[in-house]
Structure formats: structure tokens, C-alpha cells
Amino acid sequence: MNQLAAERSLYLLQHANNPVNWYPWGKEALDKAIAEQKLLIISIGYAACHWCHVMEHECFEDLEVAEVMNKHFVCIKIDREERPDLDQIYMNALQLMKGQGGWPLNIIALPNQKPIYGGTYFKKSDWIAVLENINSYYHQNPSETNEYADKLTEGIRQIDQIIPNQQVPDFTIASLQQALDKIIPYYDFTYGAHQGAPKFPMPCYYLFLLKFAHITNDNRVTAFVQLTLNQMANGGIYDHLAGGFARYAVDEQWKIPHFEKMLYDNAQLISLYTAAFLKFKTPLYKQVAIETIDFCMKDFLQAGEGFQSAFDADSEGVEGKYYCFSKEEIAHVLGNDAALFCSYFEITENGNWEEDVNILHRKIPNEHIADSYNLSVEALAEKINLLKTQMLNYRQQRIKPALDDKQLTSWNALMIKALADAYLAFDDMKYFKTAVATGDFIYQNLFDQQTLYRSYQNKSAKIPGFLDDYALTIDAFISLYEITFDEKWLSAAEQITSICLAQFQDQDTQMFYYTAANDTPLIARKFETIDNVIPSSNAVLAQAMLKLGELLSNESYIAIAKVNLQSMFHQTIKSVSSYSNWASLLLNFIHQQSTFVVTGPQAAALRNEMAKNFQPFIIYAGAENKATLPIFANRFKANENWIYICKNNNCALPVQNITAALPLI
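All values reported here derive from a predicted model rather than from experimental measurement.

1. Some details on the state of the cysteines
No. 1: One pass over the structure, following the stated rule, counts two disulfides.
No. 2: A sulfur-sulfur separation of 2.3 Å characterises the disulfide bridge that pairs Cys49 with Cys52. Residues Cys49 and Cys52 are joined by a disulfide whose S-S torsion is about 80°; by sign, that bridge is right-handed. Across the pair, Cys52 and Cys49 agree in class, each one buried.

Right, here's the structure in full:
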């Protein structure tokens, strides 16, 4: 066992038996590199990463490779999901060096942590050659190496520099329309998403497009979003037996997934498909949302705690083995019904992916298959559900992919929001109860009133949180207030916001650093402004502060949200798909976000009735007979229900039913 043996991260423990003398990131390893003047190997990955496993097997388990690494380097392993701050810095370095990134992320750095070389996956011979060449060059050319490291580090520091916008830009729908007009030619109107492969689900982008189309009635955008959601739901990226999505598709048709399943993807996709159902009332969207929740609650939820993180792509050393079938297997399980199942999911004799290997996916509409088998569409759906259950029972007898059981604050916050959204749309109390229980879990186990922690494992919290942990938790707690009308959640959200202001905010720009001021300094202190698979922490925090400002009548929160949007306005208009949460915030200012204030004995019921409409620019506030928020002052009448629609601290005259309230929005 090497120095990783005492760690709790599954990814680090996967490397604890390597002959490489791995260290976790920390003082011991960094001091050793300085004392011995050895270069650092900083190797970053995560437990569900397929190519991380491949490189481990080919390189890090190999004695010849380990001898080179141990002799000349201090070797550090990092779980990117535990330390996204380090991953961000060294991924920026790789992108500056090579123009692209990915995982495993392998960086060679000076003892002072400044990078000099990087790459992703290496074959054994290539990796040994790189190590020997870099080590030799470093010792023969120390001044040139240090000069290059200094320049590269300065590039990392500059890559996301914020320049405050001194002029107030014109917040108009026309600016967003022009931005979209530039990128619509790159949309794939056959399979959805942008043209080409691979294809990643980008829920926050499609949610922005839904909101945009709702305001503008843009038929092109509406059709594109529906096409993309349909293709994802019918493709191989979706688990048609158990629900839930894989991380991305390697092809342009969404057919061939990279099979790892991540909590953060599925939480955001629940919110997206729930919103799409409210907008379009398409049964498929409701089915996908509910099945994905079922998967998350069954396979990720830890009893009495929160949601675990991810399932590996591999099982028994083979990518996708758990999820795929031969036609012969299906015939064995389903007998005479196999033909219908194979027609429905595009199963072939020779395999629709690799030899004898089939991925379940859909192309033919239900109506055509129902006609072919002399069934009604309803009877077909009922029959397919029975066959899916049989195949799922068969699949569950296999060895499952490894589960990364750490519980991350930010990812759990995304799941809280997803469950709150689903509760309002579908009225399922188990979503309500699980959302509240997960919120309690975070508040009681990952927050000590001064620090919000990032990760929970083995009954204890570790690693002070980063801005995404804070921002997404604030947003989740606001959602909990909206479904419970319990003001404790707003108090908790305000409490955590105050820590952001004290520990993360840059006074010059008013934006927020990704790391807290009291964290151990790294070679760069970064801002996170771009939406990736995890939403931009700054954009989420700005949206949350706008909501919190409206609910608490706190103008300073609203002002911060607005000034930060001003600073990000030009980037948003230039690349709206990369800054989609900023674009959604821009829509909130353009459209004027409404607060739905409801009082009286039926407050929750009226809120639930309103929530069955697609109303993406509403915040809910309610109470039965009393409340402390200023927004409720003089708004209670004994045993009567009243609805107030408020914008910019002005409320329309009260009404008593949803029919009368809708036109006011």
C-alpha cells in the first residue's frame, strides 16, 4: 500500500495498491518535492472515468513505470470531484499547452507547483519517454524551465480575469436574439444539440432556450429543444430499463454512451425534463423525469443521508458490459416476446454497437410498432413496460459497476432542486420528503455555521467547500423554502450567502472567487464563470441572490446580481451556449421576475395549482396565517386566501384564484 491507503475517496483508494508511491495532495508531498528538488507528477481523475482505469492498468500498475516515477518524481493523485479547484488550475494549464483537455489529467510541475508539461491518456512507452525527457530537460536547463513555468502560470491567472463593465449594457431580448442567430446555423436539426460528436447533455443551456422561446415564441428554438430532448430520451445515452442518463454520447446520434452515470447530470436533467413537460405536456418528458428520479433514489440515495456520486462505466473490466445485451440473451429471457422487444429497441442479430453487443435505443415511433404487432399504442406501452421489468430483473443479476459513494454538497444541492421542481410539477410527496431530508442532511452534517464542507464519507465531512458548493446550496435552500414555506430555509440561505460575501467576494469586481480567502493558497485564485457540466458557480450565485433579494427585500443582493451580470454581459452575448446561466439571469431582468405571494389556509394548494403552468420567472412565497418576511406585511385576512403578484417591490391588487392571477404575470 502507498500513501493513499488512509484516504476515503474511492478514486484514490483505487490507486492505493499501485507500485507508484502516490501521495494525496497536501503538505507532506509538496514539502518532499521541495526538499528533494524533484518534479511533481500531478495526476487527476475520478472514480467513474474509463480512460483513467485504462491508464492505471497500463502504466501505474506496471513495475517498470513505477520505478521511473518513484525515482525521479513526487507523485500526487487527486480526485477531481473532491478538489475541483486543483483540477481547474491544471486543466487550464493543459488547455494553454495543448489546446484541449480531458481526463485522466496528467501534469508535470516544478516543486513550487507551477506546471511545465501536461497530457491526458498515455500508453506505457510514451509515458516513460515523456517522464525521462522532461526530467532530463529540467535538470539540464533549470532557468529555461522556470521561465516557461512562470509564463504558463501567468497565463493560467489571466485566463478568467474579470474586467468590470463600467457602462450599463442594454438588457434587451434583441441582444439575446442576435446572439442565438449566430449559433443556430451550428445546431443539428437531425439529432439535436450542436453538430458533430461527442454530444454532452447541457441542461442549463436547454433550460435557457426553453425560457427564451417562452418569451419570444421563437419556433426554431422551440423545435430544436424538443428535438434534442426527444433524441436524448430515445437514444442509448438513456437507460431504458432503470432510468437515468449516461454522461455523454460518443456519436452524433446519442446512440453510443460513455456509460458512466453521474448524479450531477441526472439531477439537472430531471429539472430540464420536468420544465419541458410543464411547457409542452409531452408524456415522454414526464416519464423520463420520473424514471430518472426513481433511478437516483434507488441507486444513489444513502439511507438517512444524501445522494452518492457516480457509477463507473466499466464492470468486470469491460465498458458498458452491465447495460448491453446480445439478441440471444433477450430471446432467452423474453421467449416469444423477444421479437417485439427487439423491434422496439433496435436490437440486431450481429449487434448494433460491437459484435453481438446491443445498446437499447429507439428510432421507430410507437404508432408504427403498434401497427406492426396489431396492438393499440396503450397496449404496446403496457407490454413494453412488462418486458422492460423482465430484462431489468435479468440485468440486476450481473455484477454492477462500481459506485463512488462519496456525497458531494454541490451535487446533492442540484438533486434537492430537481426534487423540488418535480414535486411542484407532479405532486408526489416522496419527492417533497426526500428534498427536505437531503436539505437537513447538508445543514446538519456539512455546515458548522462557519464553513460549508464539500464532501461527506464514512459519517464525516471533509474539505472546505468551494463556490459551487455554496452557490448551489443557497439555490437549493431557496427551492426548499418555495415548497415548504418554512422560513428556516431562507435563514440558512442568507447565512451561507453572508459567508460567500466575507470569504469569496473580490471587492474590486464584486465577483466571487472559486476558493475561499482562508483556504491554503494555490498558484492561482480563479473565478468560475463558464457553464460546463456543472453550472457556473458565479452565475448560480447571482441568480440565487436575485431571488433571495426579492424574498428578503434586500436590495444589496439584487444590486450584486445586476452588477455581476453587467460584467459578464459581453461574454454572454458572444457565446451564449457557454454562458447560459448568465443568459437566464439576463432574461430574469428583461422579463422582470415575479414573486407569487400567497396567504391563507389554502396557500400551498394555490401555489401547487400555479406550479402546473410553465412559469419560469416566478418565485413562490407563502404562509397560512403569519410570517416574518417584509413581503407579507399587511397581507393576511382571517380565513381568506389572497394572491399578490409582485415585481420590483410593487404588487398588483390581490386576487383569490389562479385564473385571475395568471394575466398579472
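Next, the rest of the story.
2. Structural notes on the packing of helix H18 (residues 429-445) against helix H20 (residues 488-503)
No. 1: At their nearest, the axes of H18 and H20 sit 12 Å apart, and the two run at 40° to each other. Our classification of the angle between H18 and H20 gives oblique. Crossing angle aside, the handedness with which H18 passes H20 is left-handed. Contacts between H18 and H20 involve Val436, Gly439, Asp440 and Tyr443 from the former and Lys488, Trp489, Ala492 and Gln495 from the latter.
No. 2: Counted by class, the contact of H18 with H20 contains four nonpolar, two polar and two charged residues.

3. Quick look at the pairing of strand E17 (residues 618-623)
No. 1: The buried fraction of E17 is high, at six of six residues.
No. 2: Burial along E17 is two-sided: Ile618, Tyr620 and Gly622 facing one way and Ile619, Ala621 and Ala623 facing the other are all buried.
No. 3: Where strand E16 (residues 594-599) lies against E17, six bridges are found, and the strand directions are parallel. Following the sheet pairing, Phe596 is matched in E17 by Tyr620.

4. Quick look at the nonpolar core
No. 1: Judged by nonpolar contacts, the single largest core of 198 residues is most densely connected at Met69, Trp127, Leu180, Phe208, Leu209 and Tyr273.
No. 2: For Phe208, the residues in contact, after removing those within four places along its chain, are Leu176, Leu180, Val576, Ser580, Ala583, Ser584 and Leu587.

5. Things to note about the sheet that holds strand E13 (residues 407-408)
No. 1: Pairing within the open sheet is antiparallel, and its three strands lie in the order E13-E14-E15. Each having just a single partner strand, E13 and strand E15 (460-464) make up the two edges of the open sheet.

6. What about helix H23 (residues 580-591)?
No. 1: Between its first and last C-alpha, H23 extends 16 Å over 12 residues, near the 16 Å set by a 1.5 Å rise per residue.
No. 2: Counting buried residues in H23 gives 10 out of 12 residues, a clear majority hidden from the surface.
No. 3: Every buried residue belonging to H23 is among Ser580, Asn581, Trp582, Ala583, Ser584, Leu585, Leu586, Leu587, Asn588 and Phe589, and all of these are buried.
No. 4: Positive phi appears at Gln592, one or two residues downstream of H23, with a value of about 65°.

Cut-offs and rules
- Along each chain, residue indices are assigned from 1 in the same order as the chain's sequence is written.
- Given that this is a predicted model, residues contribute local features only at a pLDDT of at least 70 and side-chain atom pairs are listed and counted only at 80 or more, while totals for whole chains, interfaces and linings are drawn from all residues.
- Based on all heavy atoms of the structure, the side-chain values leave hydrogens and waters out of the count.
- Any pair of cysteine sulfurs within 2.5 Å is marked as a disulfide.
- Each residue's exposure class comes from its accessible area (1.4 Å probe, protein chains only) as a fraction of the maximum for that residue type: buried when under 20%, exposed when over 50%, partly exposed otherwise.
- Only C-alpha atoms enter the line fits that serve as axes; for helices the fit covers just the stretch in contact. Angles between N-to-C directions range over 0 to 180 degrees.
- Think of it this way: any DSSP run of H or I at least four residues long counts as a helix, any run of E at least two long counts as a strand, and we number them from the N terminus.
- Throughout, the term roughly parallel applies to angles under 35 degrees, roughly antiparallel to angles over 145, roughly perpendicular to angles from 65 to 115, and oblique to all others.
- In this scheme the crossing of two helices becomes right-handed for a clockwise turn of the near helix relative to the far one and left-handed for an anticlockwise turn of less than a right angle.
- Contacts are assigned to residue pairs that have any heavy atoms within 4.5 Å of one another.
- Any residue that is not Ala, Val, Leu, Ile, Met, Phe, Trp, Tyr, Cys, Pro, Asp, Glu, Lys or Arg is counted as polar, Gly included; the first ten are nonpolar and the last four charged.
- Here, any two strands with at least 2 DSSP bridges between them count as paired.
- Buried residues of nine kinds, namely Ala, Val, Leu, Ile, Met, Phe, Trp, Tyr and Cys, make up a nonpolar core once their side-chain atoms join them within 4.5 Å.
- What a helix is expected to span follows from its residue count: subtract one and scale by 1.5 Å.

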